[in-house]
Amino acid sequence: MNNLDAERLYKTAGIEEALNDPQTAHLTISHDKVVSSRSLPGLEVIAKEIKDGVDIKIVLNEGIVIKNPVHMCFGMLKKEGIQRILLDIDIKRKAAISVLAHCIFPDAVKVQHIMDGKIKVGEGASYLYFEKHIHAETGGVEVYPKARVFLSDKARFKTEFELLKGRVGKIFIDYETTCLKESVMEMTARISGRGDDIINIKESGLLEGEGSRGVLTSRVAVRENARAEVFNKLIATAPYARGHVDCKEIVQDKATASAVPIVEVKNPKAHITHEAAIGSVDSKQLQTLMSRGLSEEEAVETIIKGLLS
Amino acid sequence: MGILEIKNLSLSLSGNDILHNISLEFTEGHIHAIIGPNGAGKSTLAFTVMGLEGYKNFEGDILLDGRSIKNMPVDGRAKAGITLGWQEPARYEGLSVKEFMRASAKDKSDKAIKEALIKVALDPAVYLKRAVDKTLSGGERKKVELASILVMMPRVVMLDEPDSGIDVASLKNIFETIRLLKKGGSTVILITHSLTVLDEAEDAFLICHGRLVEKGSGRKMRHYFKGRCLPCNHQNEPGETEGE
Ligand SMILES: Nc1ncnc2c1ncn2[C@@H]1O[C@H](COP(=O)(O)OP(=O)(O)OP(=O)(O)O)[C@@H](O)[C@H]1O
Ligand SMILES: [Mg+2]
């Protein structure tokens, strides 16, 4: 059954090829079982099965640069259940890695996916993490992605969270990053909700180090009765820290959206900006596409697709 | 009967009378110009013909092939063959030049889209994948706008200041593209306050302060505009002092 599960997960994620490549590391978890994994020299992956989930420890040794993106696949093919992923990631000095994670819940009626991440990116190291969700059309998924990220001097961390396929269900993102000297952080979330989906994004960055930089980006589209709340917080306490918060939410039908940006500067040499746009599709964008022959629906679709891409 | 007729059109915006009893007739397959100083009402007239939101409450009528399009929505007018190249075109986050052009293209093939980009002096290898967002320069965005209209091959196209932001070297490509539109059967309406653009037109209408002042051949109107409008201290204040 494990192989069948794995196959279905890969197929849904469209990553079969990468998993057969001996140069590409991967880790596949179906509910609370590790169904497949491959490591590479310098990259240690320890996955321990726990109740309703897996406890994962990843260490990338000093100076190791992994070329191909590492594939992680977390799925739950059952209709009901809880999946708990504990993720402890330690990227040592001057190492670099990118991870492409797929979270797949194609048949969920009542599924909870809890991710609890602790991420340390060492001096001059780089960690890129893309998480893509593919959910059932029923809206029966609850997702709780939580991450605490710590960036050493000159470290780089970039994360993108994408939930565009299937219904959201309920999602509560809670990411927090602390940035030391000259480190760079970018956190982006792109989510499209409808039905009675609930989207709650909480991203915060603490720019503690001199010359550290951070950008928080949220792109949300809600329609029907969906609700979105975005809380972005960026605090700069060090000189020459630079930050930007950028939130765009497109609202249609009876959906609602809110944005609560908190920007705080505690050093006169730091600088943070924020912009938020919430509401219907921009009229000029809409009318331009309509003046080219697209119907209103087609034009809105095109604009939203672009915004979330 | 012209392909497009504007009949006794008057329009107020926020309580201000902007267009006063304007009547214009456009001949099928011709290149026309609507010329006039800043604030004359040229863009407003184009928005009204396109039927944009906020420009629907006007007196008079607009006819396409002799039939009123007054109650037609924007996309209906576009499907009937009318389109507009904007003075300051919209920017779209995440939408590639290719996707933007495909949205309006008749022939949606990559080949047709690439060819149109080359016509407006944009290298497809560089621009197809670029987003139509804030990072395109003003001139690049105007070129993409024109290319997206070229692939649409509309029956009637209003180009609002097609030369704005365009460098001298590319201007030639812009005019060639406009002639291509005509060759393909489009009726072209150039909106401008530039004599260089006016020179591309066979017929022209001069609008000043929301009124039609004069009409005639491109040559006649050049003479009129240069001799009487450019030196004039009118409240529309034409700032342009273009050479020959
Ligand atoms: N929504 C509005 N409410 C009030 N006045 C408006 C509105 N839109 C435009 N106007 C005014 O109508 C006049 C005509 O504007 P329009 O943009 O059509 O001029 P134009 O001829 O295109 O000028 P330009 O050469 O500068 O592009 C201007 O005085 C402008 O300020
Ligand atoms: Mg104008």
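Each chain carries its own residue numbering, running from 1 in the written order of its sequence. By the order in which they are written, chains take letters starting at A while ligands take numbers starting at 1. It should be noted that, the model being predicted, local features are given only for residues of pLDDT at least 70 and side-chain atom pairs only at 80 or more, the latter also being counted only at that level, while totals for whole chains, interfaces and linings use all residues. For the side-chain quantities, the full set of heavy atoms in the structure was used; hydrogens and water were omitted.

Remarks on the overall build of chain B
Here a strand is any run of E in DSSP of at least two residues, a helix any run of H or I of at least four, and the numbering for each starts at the N terminus. Along chain B, the regular secondary structure elements total 9 helices and 10 strands. For chain B, the C-alpha radius of gyration of 17 Å lies close to 18 Å, the compact-globule estimate for 244 residues. For the C-alpha atoms alone, the extent of chain B along its principal axes is close to 45 × 40 × 35 Å. For every residue, the accessible area obtained with a 1.4 Å probe (protein chains only) is divided by the maximum for its type, and the residue is called buried under 20%, exposed over 50%, and partly exposed between those limits. Across the 244 residues that make up chain B, the buried fraction comes to 55%. Two residues qualify as a contact provided that any one of their heavy atoms is within 4.5 Å of a heavy atom in the partner residue. Partitioning the intrachain contacts of chain B with sequence separation of at least 6 by distance along the chain shows that 68% fall at a separation of at least 24. For chain B, the distance from the average site of its 33 positive side-chain charges to the average site of its 33 negative ones is 4 Å. When we talk radius of gyration, it's over C-alpha atoms, and the globule rule is simply 2.2 Å times the number of residues to the 0.38. As used throughout, the charge tally considers Lys and Arg to be positive and Asp and Glu to be negative, leaving His and the chain termini uncounted. In plain terms, the charge of a residue is placed at NZ if it is Lys, CZ if Arg, CG if Asp and CD if Glu.

Section: the overall build of chain A
A count of helical and extended segments in chain A gives 4 helices and 19 strands. A compact globule built from 309 residues would reach a C-alpha radius of gyration of about 19 Å, and chain A, at 20 Å, matches this within 12%. Burial status across chain A gives 54% buried among its 309 residues. Summarising the internal contacts of chain A: among those between residues at least 6 apart in sequence, 77% fall at separations of at least 24. Across chain A, 43 positive and 44 negative side-chain charges occur, with their mean positions spaced 3 Å apart.

A word on the pattern of salt bridges
Residues and elements named next belong to chain A. We count a salt bridge whenever a side-chain nitrogen from Lys or Arg sits within 4 Å of a carboxyl oxygen from Asp or Glu. Scanning the entire structure with this criterion turns up 33 salt bridges over all chains. Close ionic contact of arginine 148 with aspartate 174 constitutes a salt bridge, the shortest N to O distance being 3.1 Å. With arginine 148 in strand β10 (residues 141-151) and aspartate 174 in strand β12 (residues 170-179), this pair connects stretches of sequence that are 26 residues apart. On the accessibility criterion, aspartate 174 (23% relative accessible area) is partly exposed.

So, the coordination of the magnesium ion (ligand 2)
Only Ser43 of chain B (OG) and Gln87 of chain B (OE1) from the protein reach the magnesium ion (ligand 2) as donors, at distances of 2.0 to 2.2 Å. Residue serine 43 of chain B is found in helix α1 (residues 42-50), and its partner glutamine 87 of chain B is found in the loop between β6 (82-85) and α3 (97-104); the two are separated by 44 residues along the sequence. Note on donors: an N, O or S atom is included if it sits within 2.8 Å of the metal, or within 3.2 Å for Na, K and Ca, and water is never included, so sites can look incomplete.

Concerning the sheet that holds strand β5 (residues 67-68) of chain B
All names here are of chain B. The 4 strands lie next to each other as β2-β1-β4-β5, forming an open sheet whose pairing is antiparallel. The open sheet is flanked by β2 (16-26) and β5, the only strands paired with a single partner. A pair of strands is labelled paired if DSSP reports no fewer than 2 bridges between them. Both strand β1 (residues 4-13) and strand β4 (residues 58-64) contribute to a ladder of 6 bridges, which runs antiparallel. The residue bridging lysine 7 from the neighbouring strand is aspartate 61, located in β4. Axis definition: a line fit to C-alpha positions, over the contact stretch in the case of helices; interaxial angles, taken between N-to-C directions, run 0 to 180 degrees. Strands β1, β2 and β4 of the sheet are contacted by α1, whose axis makes an angle of about 115° with β1.

Regarding the confidence of the model for chain B
Residue and element names in this part refer to chain B. Confidence of the predictor at the level of single residues is given by pLDDT, which spans 0 to 100. Residue-level pLDDT values for chain B average 93, and 95% of them are 70 or greater. Taken together, the stretch residues 237-244 has pLDDT below 50 and engages in 15 contacts with residues farther than four places along the chain or on a different chain. Scored as a whole, the predicted complex attains pTM 0.89, and scored at its interfaces, ipTM 0.94.

Focus on helix α9 (residues 218-229) of chain B
Every buried residue of α9 of chain B is accounted for by Gly218, Met221, Arg222, Tyr224, Phe225 and Cys229 of chain B. Residues of α9 of chain B that are buried make contact with β3 (31-35), α8 (195-198), β9 (203-208) and β10 (211-217) of chain B.

As for the packing of aromatic side chains
Note on aromatic contacts: the rings of Phe and Tyr and the six-membered ring of Trp form a pair at centre separations within 6.5 Å, being stacked when their planes are under 30 degrees apart, edge-to-face when over 60 apart, and tilted otherwise. Counting across every chain of the model gives 7 aromatic pairs over all chains. Ring centres 6.1 Å apart and planes at 25° place the aromatic pair tyrosine 127 of chain A and tyrosine 129 of chain A in the stacked group. Here the two residues tyrosine 127 of chain A and tyrosine 129 of chain A agree in accessibility, since each one is buried. Ring geometry for tyrosine 127 of chain A versus phenylalanine 157 of chain A: centroids 5.9 Å apart, planes at 10°, classification stacked. With a gap of 30 residues between them, tyrosine 127 of chain A in strand β9 (residues 126-135) and phenylalanine 157 of chain A in strand β11 (residues 156-165) connect regions that are remote in the sequence. The ring centre of phenylalanine 58 of chain B lies 4.9 Å from the NZ or CZ of lysine 70 of chain B, which sits over that ring. Two thresholds decide whether a charge sits over a ring: the Lys NZ or Arg CZ must be within 6 Å of the ring centre and within 35 degrees of the ring normal.

Digging into the side chain of serine 98 of chain A
By the element assignment, serine 98 of chain A lies in strand β7 (residues 96-105). Ignoring any residue separated from it by four or fewer positions in sequence, one finds serine 98 of chain A in contact with Asn68, Pro69, Val70 and Leu128 of chain A.

Notes on the site of ligand 1
Residues and elements named next belong to chain B. In the region of ligand 1, 15 residues are neighbours, and Ser14, Gly39, Lys42, Ser43 and Thr44 sit closest. Polar contacts, as used here, are pairs of N or O atoms within 3.5 Å; protein pairs need one atom able to donate a hydrogen and one able to accept it. Residues neighboring in sequence count only if both atoms are side-chain atoms. At 2.8 Å from a nitrogen atom of ligand 1 is found a side-chain nitrogen or oxygen belonging to serine 14. In the environment of ligand 1, an oxygen atom lies 3.0 Å from a nitrogen or oxygen atom belonging to the side chain of asparagine 38. Relative to its unbound accessible area of 640 Å², ligand 1 is 64% covered by the protein chains. Put simply, the parts of the chain that give the shell around ligand 1 at least two residues each are β2 and α1. Distances are taken per atom, and a residue is near a molecule or strand as soon as one of its heavy atoms is within 4 Å of it. In short, Shrake-Rupley with a 1.4 Å probe defines the accessible areas, and a residue's cover is counted only from the protein chains shown.

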